[in-house]
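Descriptive structure summary
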Amino acid sequence: MALKTLILVLFPIALVTAAPQLLQAAEECDSTSCVEPECRCWDAGSPGGYQPFELPQMVFLTFDEAITVSNILDYDYILGERINPNGCPIGMTYFLTHDYSDYRYVNYLYKKGCEIALHSLRGTDTDADYWKAASSETWHNEMEGLKTIISNNANIPIGSIVGSRAPFVQPGGDAMIQPLKEIGSVYDASYHTRLYTDPPLWPFTRDFEAGVDCQNPPCPTGRYPGFWSVPMVNLELNETHFCSMVDQCPSQPTRQEQYDFLMKNFLRHYETNRAPFGIYAHSAWFQDATHLLDGYTDFLDEILKWGDVYIVTIQKGIEWMKNPTSLQNMATFTPWSCDSIFAPCRANECSYLDVPPGGDRTMVTCSSSCPNSYPWYMNPLGE
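Here we summarise the structure given alongside this text.

Conventions we followed
Residues numbered from 1 in each chain as written. Predicted model: local features only at pLDDT ≥ 70, side-chain atom pairs only at ≥ 80, totals over all residues. Heavy atoms only, no water. Helix = DSSP H or I, 4+ residues; strand = E, 2+ residues; numbered from the N terminus. Rg over C-alpha atoms; globule rule 2.2 N^0.38 Å. Buried < 20%, exposed > 50% of the residue type's maximum accessible area, 1.4 Å probe, protein only. Contact = heavy atoms within 4.5 Å. Areas by Shrake-Rupley, 256 points an atom, 1.4 Å probe, with all protein chains shown as cover. Lys, Arg positive; Asp, Glu negative; His and termini not counted. Charge placed at Lys NZ, Arg CZ, Asp CG, Glu CD. Phe/Tyr/Trp six-rings, centres within 6.5 Å; stacked < 30°, edge-to-face > 60°. Lys NZ or Arg CZ within 6 Å of the ring centre and 35° of its normal. Pairing = 2+ DSSP bridges. Axes fitted to C-alpha atoms, helices over the stretch in contact; angles between N-to-C directions. Parallel < 35°, antiparallel > 145°, perpendicular 65-115°, else oblique. Left-handed = near helix turned anticlockwise from the far one by under 90°. Salt bridge = Lys/Arg side-chain N within 4 Å of Asp/Glu carboxyl O. Core = buried A, V, L, I, M, F, W, Y, C linked by side-chain atoms within 4.5 Å.

What follows deals with the overall build of the protein. On a plain count of helices and strands, the protein comes out with 10 helices and 15 strands. Rg of the C-alpha trace for the protein: 20 Å, near the compact-globule value of 21 Å for 383 residues, within the 12% margin. With the C-alpha coordinates aligned to their principal axes, the bounding extent of the protein is approximately 60 × 45 × 40 Å. For the protein, the proportion of its 383 residues judged to be buried stands at 57%. Counting only contacts in the protein whose residues sit at least 6 apart along the sequence, the fraction spanning at least 24 positions is 71%. Summed over all atoms, the accessible surface of the protein reaches about 15600 Å², with 50% contributed by carbon and sulfur. In the protein, which carries 23 positive and 46 negative side-chain charges, the distance between the mean positions of the two groups comes to 4 Å.

What follows is the structure, given as structure tokens:
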């Protein structure tokens, strides 16, 4: 498929035409006050002074909510034997909730080079309004508690858990960002943009207040040096349907139409500034919809043929942002190397009666012994 048309975009003209607000706000964040790569202003310009065609096109595949026996086969199928141009396996990011997660599979995906990130401890036991008004203390207890649960039960290093996405994609502004930074998170991927999609926004740091469209308030107004924001650039189905999560747009009726929908949105990144292209979904997206999975994997197989597209975790994307490297040097870019990961797991099934979420629970852990009680909010160790 001859789709690799290269369109060089003159960024100052594009920004004035498509997003005049961007230039006005950017005056508060410029190259003298925000020096790459430790700090990056929010804009559509290519990092490192490169031209777009000199850059690898990053693709972020993410899934929200629990990793279970019901979705692990789909996840394993997507990963398959798919390889990036540097010879390393592709990777995905999972924003995890605790309830019903099977930690042997969390461990399995981590060892395959995927990223495990934070979504929330209590997940769907709450609603969007709860998170919109949540205090800093609540965010801290939720996310730090979940981080502890994942590390203890999936047997993965707690320091490897560095990303987050708010439940229901309903972030909490400063009340959310400050505690995330305090618990060692490096980035958040909760805020989406509908206005700045052509050319799309690159990830940026929160050293300065960002002036992007606040589609899902409250948005942060404070400054958080070195903390990255990964914008959820909206997918466009047509002039009236936009979505930050792919499963929020009306489902495509056929395998080919699913492929075409993804390719159309991908090219808006690839043919302009090569900002990361994200396909963000909930864990149940493919359930009873084989044609969606087929169109999705057809798309992945096509772009991986092009030689300049890398399907990587968001964490690895941030590592690249911290050290922008040209496409011709990606083979030796160490943060994207395919080193083996040691994280043993001997599955242990634990049963609990009448637990705090309501009802009985069975939890599969990589720990040699079961927690005394079901790990939960304010009791992540299950003491």
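After that view, the rundown keeps rolling.
Within this structure, the stated rule accounts for 22 aromatic pairs. Ring geometry for Phe-333 and Trp-336: centres 5.6 Å apart, planes at 80°, overall edge-to-face. Trp-336 carries the same exposure label as Phe-333, and that label is buried. Ring pairing ties together the aromatic residues Phe-63, Tyr-75, Tyr-94, Trp-285, Phe-286 and Tyr-296, which thus form one cluster. The ring of Tyr-77 carries the charged tip of Arg-82 above its face, separated from the ring centre by 5.7 Å. Looking at Arg-165, its charged tip hangs above the ring of Tyr-280, at a distance of 4.6 Å from the centre.

Time to look at the pairing of strand β8 (residues 224-229). Successive side chains on a regular strand alternate, one facing one side of the sheet and the next facing the other. Direction of pairing for strand β5 (residues 187-188) relative to β8: parallel, over a ladder of 2 bridges. What sits directly across from Tyr-187, in β8, is Trp-228. Bridge count for strand β7 (residues 204-206) against β8 is 3 bridges, and the pairing is antiparallel. Counterpart to Phe-204 in the pairing with β8 is Ser-229.

Of all the positions in helix α4 (residues 103-111), only Tyr-103, Tyr-105, Val-106, Asn-107, Leu-109 and Tyr-110 are classed as buried. Considering only its buried residues, α4 is in contact with α3 (72-79), β2 (93-97), β3 (115-120), α6 (136-154) and β15 (361-365). Gly-113 sits one or two positions beyond α4 and adopts a positive phi of about 95°.

Looking now at the packing of helix α8 (residues 255-270) against helix α9 (residues 290-304). In a pair of packed helices, the angle between the axes and the distance between the axes together describe the arrangement. At a minimum axis distance of 7 Å, the contact between α8 and α9 shows a crossing angle of 45°. In terms of orientation, α8 and α9 fall into the oblique class. The hand of the α8/α9 crossing is right-handed. Of α9, the residues touching α8 (which contributes Arg-255, Gln-258, Tyr-259, Leu-262, Met-263 and Phe-266) are His-291, Leu-292, Asp-294, Gly-295, Tyr-296, Asp-298, Phe-299, Glu-302 and Ile-303.

A few words on the pattern of salt bridges. As a working rule, side chains carrying opposite charge can pair if their charged atoms are close by. A full pass over the atoms with the stated rule returns 11 salt bridges. Residue Arg-255 pairs with Asp-294 through a salt bridge whose shortest N-O separation is 3.8 Å. Of this pair, Arg-255 sits in helix α8 while Asp-294 sits in helix α9, placing them 39 residues apart in sequence. On the accessibility criterion, Arg-255 (39% relative accessible area) is partly exposed. Of the residues examined, Asp-294 reaches a relative accessible area of 18% and is grouped as buried. In this structure, Arg-255 and Asp-298 form a salt bridge, with 2.6 Å as the shortest nitrogen-oxygen distance.

This part is about the nonpolar core. Counting 75 residues, the largest nonpolar core has Ile-67, Met-92, Tyr-94, Ile-150, Phe-266, Tyr-296 and Phe-299 as its most contacted members. Residues within four places of Ile-150 in sequence aside, it is in contact with Leu-96, Tyr-103, Ile-116, Ala-117, Leu-118, Asn-155, Ile-156 and Ile-161. Met-58, Phe-60, Ile-318 and Met-321 belong to the second largest nonpolar core, which has 25 residues in total.

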